[in-house]
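Chain by chain, the residues:
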Amino acid sequence: MSAGGAFGGNRGVRPVPPEKGVFPLDHLHECDLEKKDYLACLKSTGSQSEKCRIFSRKYLECRMERNLMAKQDMSELGFSNADVVVTPAEENNKMESPSSVPKEKK
């Protein structure tokens, strides 16, 4: 008889858990919009994920905000500050804020 299991597996080796651990599924569909945007982007770009990074980031941020995954710095997930998109409303707020107005030299 062989030393392996019934299906050829090695019974002496312990299974290794996933690197990021277990996370709950989105049963309440809290991040469906972000997920659908990402999947639509993948479909429109022929599954070129690099072109859809902003949607991927938004989906992960949604999951973290709703405690569907552990909060983590986006740089640890492969995103940089260059991946951040500023919406037109945020851009207008920056332009109107007094801190963005250059100060006069005396």
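Residue numbering note: each chain is counted from 1, following its sequence as written. Per-residue local features of the predicted model are confined to residues with pLDDT of at least 70, and side-chain atom pairs are confined, for both listing and counting, to 80 or more; whole-chain, interface and lining totals are unaffected and use all residues. As a rule here, side-chain values cover all heavy atoms of the structure and leave hydrogens and water aside.

(A) Representation of the overall build of the protein in the model. What the protein contains, in helices and strands, is 3 helices and 0 strands. Helix numbering and strand numbering both begin at the N terminus, where a helix is a DSSP run of H or I of at least 4 residues and a strand a DSSP run of E of at least 2. Starting at the N terminus and ending at the C terminus, the protein contains elements arranged as α-α-α. Across the 106 residues that make up the protein, the buried fraction comes to 19%. Pairs at least 24 residues apart make up 47% of the contacts formed inside the protein by residues separated by at least 6 positions. Under the convention used here, a 1.4 Å probe and the Shrake-Rupley method define accessible areas, while residue burial counts only the protein chains that appear. Of the roughly 9100 Å² that the protein leaves accessible, carbon and sulfur atoms contribute 57%. Here's how the labels work: a residue is buried when its accessible area is under 20% of the maximum for its type, exposed when over 50%, partly exposed in between, all with a 1.4 Å probe on protein chains only. Only heavy atoms matter for contacts: two residues are in contact if any of them lie within 4.5 Å across the pair.

(B) Structural view of helix H1 (residues 32–44). Here the expected span of a helix is defined as 1.5 Å times the quantity of residues minus one. The terminal C-alpha atoms of H1, which comprises 13 residues, lie 18 Å apart, in line with the 18 Å expected from a rise of 1.5 Å per residue. Every buried residue belonging to H1 is among Asp-32, Glu-34, Cys-41 and Leu-42, and all of these are buried. Elements that come into contact with the buried residues of H1 comprise helix H2 (53–65).

(C) A look at the environment of Leu-42. Secondary-structure assignment places Leu-42 in helix H1. Through-space distance from the C-alpha of Leu-42 to that of Arg-53 is 9.8 Å; in sequence the pair is 11 residues apart. Filtering out sequence-adjacent residues up to four positions away, Leu-42 remains in contact with Ser-47, Gln-48, Ser-49 and Cys-52.

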